[in-house]
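In case you want the letters, here they are:
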Amino acid sequence: GQIGLELNEKVCVGLEGTVAEYGMLAKEDIDEREVLFTVPRKAILHQESSKVSGVLDKEKITLDSASSWVPLLLALLHEYTSPQSFWRPYLSLWNDFRKLDHPMFWSKEERDTLLKGTGIPEAVNTDLDKIHKEYSDVVLPLITKYSEYWTPNIHTLDLYTNLVAFVMAYRLEDDDEDEDEEDKAPNPPMMVPMADMLNHVANHNAQLEFTPESLKMVSIRPICKGEEVFNTYGQMANWQLLHMYGFTEPFPSNSNDTVDIPVSNFFTAARDFELSLLDEKWRLLNQIEGNDAIIFGNQGCLTDSTLNTVLKVFCMSQEEFLDLKENEGWEEDNDEEDTATALSNEGLPKLKTIWKKLIHGAARLTLSCYTESNEVAEEKDDPDKMLMEDKKSLAKLSSRQQRALHVRYGQKSILHKLLELTN
Ligand SMILES: *[C@@H]1O[C@H](CO)[C@@H](O)[C@H](O)[C@H]1NC(C)=O
């Protein structure tokens, strides 16, 4: 088309034979490292390629106080509703963002019941608060000021919220080399035609590559005729996929599924044992590690150095702890690889008993959060497990119920496995 997308003849974009509404299919066998399509930089919609880029530039100082998504969202508000927009051919493919069915479009009650314990209801509440606040504090004053581009009657909070879902699901960020510069602002998001036609799976067969002139989708292994071409949005747990993109990978196909165990659950679990100075240890841990969650995946702990610290501090003798506090220093006696191995599925059964008991207790507490009654059923008696095994009942579930089940069941499976490994 006019914006210069180049599509390899061996693939096509279609509505049939793909996992979601749109998808890309191989029409012929494809080799590894073939370029499937190229999107030139000028075909990418971002804050600087929009008609409103001048205004966004002029209001830079106001916009700097808001999240890095706001300029793109303002551009989208204008381009999505402007009949003369250069981006019309691209944006007209999207006529109903609610079809993405992100949990933010579910009722609060649906989220709180279907997704209880998964962490999603809390994440969505945070999002919605932020969306409301940013719309009223930053977006509304600005669009009122520039009536040649926006009208509050058309560019409502509702449209804004829908566009947030669109950006959540299809944005890309330039991957630059110096990611580890900590203070650097995140790269602003951008919308890339064609790239958003591909679906994601953990076990993907293509990936996006960035060059100064263009973005290229490249096959990373041979793809057979008739197969769907899958990109990756990164290593994503099902709860993250549902929260950000609206879909899940049906259990057990997501090899990157994870569950979070709040550090506070280790503290609560520790109360059952005779450990010295627990409250003081907890205060110190909050200072050195913050209150992040411990993440477990299918192969073991993914935040092993934090978990190692938490367990070590809780299990210290009074003497060791006072010594640690006095020296304010923290000697890392294990090398990173040892810690990762020790806290992997292979290492967990070999840990010392008290460490296993703490992990066991924390996993059990986490499992109790999925039900109203806070009861932990044996794995074999878990109603979700029975549901997963009953194809007939499974087929009767609504799409929301099914996706929620895949998130819950994936998380609970990792927790049950953890109970077993630390028994
Ligand atoms: C994520 O999934 C990919 C593809 O299945 C796999 O190669 C990789 O090891 C997984 N990563 C983790 C942390 O499980």
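Computed from a predicted model, the values in this text were never measured in an experiment. Counting starts from 1 at the beginning of each chain's written sequence and moves along it residue by residue. Given that the model is predicted, a residue must reach a pLDDT of at least 70 before its local features are reported, and side-chain atom pairs must reach 80 or more before they are shown or counted; all residues, however, enter totals for whole chains, interfaces and linings. Side-chain metrics in this entry use all non-hydrogen atoms of the structure; hydrogen atoms and water are not considered.

*Asks:* Just to check I follow, could you spell out the site of the ligand for this structure?
*Replies:* One heavy atom within 4 Å of a molecule or strand makes the whole residue count as near it. Contacts to the ligand come from Ala202, Gln235, Ser255 and Asn256. In protein, a polar contact means a hydrogen-donor-capable atom and an acceptor-capable atom, both N or O and within 3.5 Å, with residues adjacent in sequence counting only if both atoms are side-chain atoms; elsewhere, any N or O pair within 3.5 Å suffices. Residue glutamine 235 places a side-chain N or O atom 3.3 Å away from a nitrogen atom belonging to the ligand. Within the side chain of serine 255, an N or O atom sits 2.7 Å from an oxygen atom of the ligand. Areas reported as accessible are Shrake-Rupley estimates using a 1.4 Å probe. Residue values count occlusion only from the protein chains shown. For the ligand, whose free accessible area comes to 360 Å², the fraction covered by protein is 55%.

*Asks:* Would you take a moment to explain the domain arrangement of the chain for this structure?
*Replies:* As assigned here, the chain comprises domain 1 (6-44 + 192-245), domain 2 (53-190) and domain 3 (258-421). In this entry, domain limits derive from an automatic or database-based domain assignment. Its C-alpha centre places domain 1 at a distance of 24 Å from the equivalent point of domain 2. Each side of the interface is counted separately: domain 1 has 19 residues, and domain 2 has 24 residues. Buried area counts how much accessible surface, traced with a 1.4 Å probe, disappears from two parts once they are put together, with both parts' losses summed. Interface area, domain 1 with domain 2, both sides summed: about 2,000 Å², of which 66% is carbon and sulfur. Looking only at domain 1, the three residues that lose the most surface to domain 2 are Asp196, His243 and Tyr245, adding up to 29% of its buried area. For this document, the term salt bridge refers to a Lys or Arg side-chain nitrogen within 4 Å of an Asp or Glu carboxyl oxygen. Seen at the junction of domain 1 and domain 2, the total is one salt bridge. The shortest N-O distance in the salt bridge between arginine 41 and aspartate 174 comes to 2.9 Å. Run the count over domain 1 and domain 2 and you get five residue pairs in polar contact (both at pLDDT 80 or more). Each helix corresponds to a stretch of at least 4 residues labelled H or I by DSSP, and each strand to a stretch of at least 2 residues labelled E; elements are numbered beginning at the N terminus. Of all the secondary structure elements, the ones that give two or more residues to the side of domain 1 that touches domain 2 are strand E8 (206-210) and helix H8 (238-245). Whether two residues are in contact is decided by their heavy atoms, any of which lying within 4.5 Å being enough.

*Asks:* Would you mind going over the side chain of glutamate 59 with me for this structure?
*Replies:* Here glutamate 59 is to be found in the loop between helix H1 (53-58) and helix H2 (60-64). Not counting the four nearest positions on each side in its chain, glutamate 59 is found in contact with Leu142, Lys145 and Tyr146.

*Asks:* Whenever I open this one, H8 confuses me. Can you help?
*Replies:* An α-helical turn contains 3.6 residues, so a residue and the one three or four places further along point in the same direction. Buried, partly exposed and exposed residues are distinguished by accessible area as a fraction of the type maximum, computed with a 1.4 Å probe on protein chains only: under 20%, between the cut-offs, and over 50%, respectively. Of all eight residues making up H8, six are buried, and the element is well covered by its neighbours. By the burial criterion, the buried members of H8 are Asn238, Trp239, Leu241, Leu242, His243 and Tyr245. Residues of H8 that are buried in the fold lie against helix H6 (120-145), helix H7 (157-170), strand E5 (171-172), strand E7 (199-200), strand E11 (258-262) and helix H17 (399-421).

*Asks:* Looking at this structure, I do not really get the environment of lysine 352. What am I missing?
*Replies:* With respect to the helices and strands, the residue lysine 352 is situated in the loop between helix H13 (336-342) and helix H14 (353-367). A sequence separation of 136 residues divides lysine 352 from lysine 216, and the C-alpha atoms of the two residues are 49 Å apart.

*Asks:* Looking at this structure, I do not really get the sheet that holds strand E4 (residues 35-40). What am I missing?
*Replies:* Across a sheet, paired strands are connected by hydrogen bonds in the backbone, their directions being either parallel or antiparallel. Across the sheet, four strands lie side by side as E1-E4-E9-E8; this open sheet has antiparallel pairing. At either margin of the open sheet sits one strand with a lone partner, and together these are strand E1 (6-7) and E8. Strands are labelled as partners when DSSP assigns at least two bridges between them. In the sheet, E8 pairs with strand E9 (residues 214-219) via five bridges, with the strands oriented antiparallel. Bridging from a neighbouring strand, alanine 206 pairs with serine 219 of E9.

*Asks:* It is not clear to me how a negative patch on the surface should be interpreted in this structure. Could you clarify?
*Replies:* Surface patches are defined over residues having more than 30% relative accessible area and no salt bridge, joining like charges when they lie within 9 Å and nonpolar side chains (Val, Leu, Ile, Met, Phe, Trp, Tyr) when within 5 Å. Charge convention: Lys and Arg are scored as positive, Asp and Glu as negative, and His as well as the terminal groups of each chain are ignored. Charge coordinates come from a single atom per side chain, which is NZ of Lys, CZ of Arg, CG of Asp or CD of Glu. Taken together, the side chains of Glu9, Glu28, Asp29, Asp31, Glu32 and Glu227 present a region of like negative charge at the surface. Residue position: aspartate 31 is located in the loop between strand E3 (23-26) and E4.

*Asks:* Even after reading the chapter, I still don't get the packing of helix H9 (residues 263-270) against H14, so can you show me in this structure?
*Replies:* The geometry of a pair of packed helices is captured by two quantities: the angle between their axes and the separation between those axes. Two elements in contact, H9 and H14, have axes whose closest approach is 8 Å; the angle formed by their N-to-C orientations is 115 degrees. Considering only the axes of H9 and H14, their crossing is right-handed. When H9 is examined against H14, the residues Asn265, Phe266, Thr268, Ala269 and Ala270 are found in contact with a partner set consisting of Leu358, Ile359, Gly361, Ala362, Leu365 and Thr366. For the contact of H9 with H14, the class distribution of residues is seven nonpolar, four polar and no charged. Axis definition: a line fitted to C-alpha atoms, over the contacting stretch in the case of helices. Angles run 0 to 180 degrees between N-to-C directions. In this scheme the crossing of two helices becomes right-handed for a clockwise turn of the near helix relative to the far one and left-handed for an anticlockwise turn of less than a right angle. Basically, the charged four are Asp, Glu, Lys and Arg, the nonpolar ten are Ala, Val, Leu, Ile, Met, Phe, Trp, Tyr, Cys and Pro, and anything else, Gly included, counts as polar.

*Asks:* Which parts of the structure should I look at to understand the side chain of arginine 111?
*Replies:* Structurally, the position occupied by arginine 111 is in helix H5 (residues 108-114). Despite its burial, arginine 111 pairs with no opposite charge; the closest candidate is aspartate 112, at 5.4 Å N-O. Among all residues touching arginine 111, those that are not within four sequence positions of it are Pro103, Met104, Trp106, Lys116, Pro121, Val124, Asn125 and Leu128.

*Asks:* Looking at this model, I keep getting lost on the sheet that holds strand E13 (residues 300-301). Mind explaining?
*Replies:* Taken in spatial order, the three strands of this open sheet run E11-E12-E13, and their pairing is antiparallel. What marks the edges here is a single partner per strand, and that holds for E11 and E13. Two strands pair when backbone bridges link them, and strand E12 (residues 293-297) and E13 are joined in this way by two bridges, in the antiparallel orientation. Residue pairing in the sheet places glycine 297 in a bridge with glycine 300 of E13. In the packing of H9 onto the sheet, contacts are made with E11 and E12, and the angle to E11 comes to roughly 55 degrees. Along the sheet, H14 makes contact with E11 and E12, crossing E11 at roughly 105 degrees.

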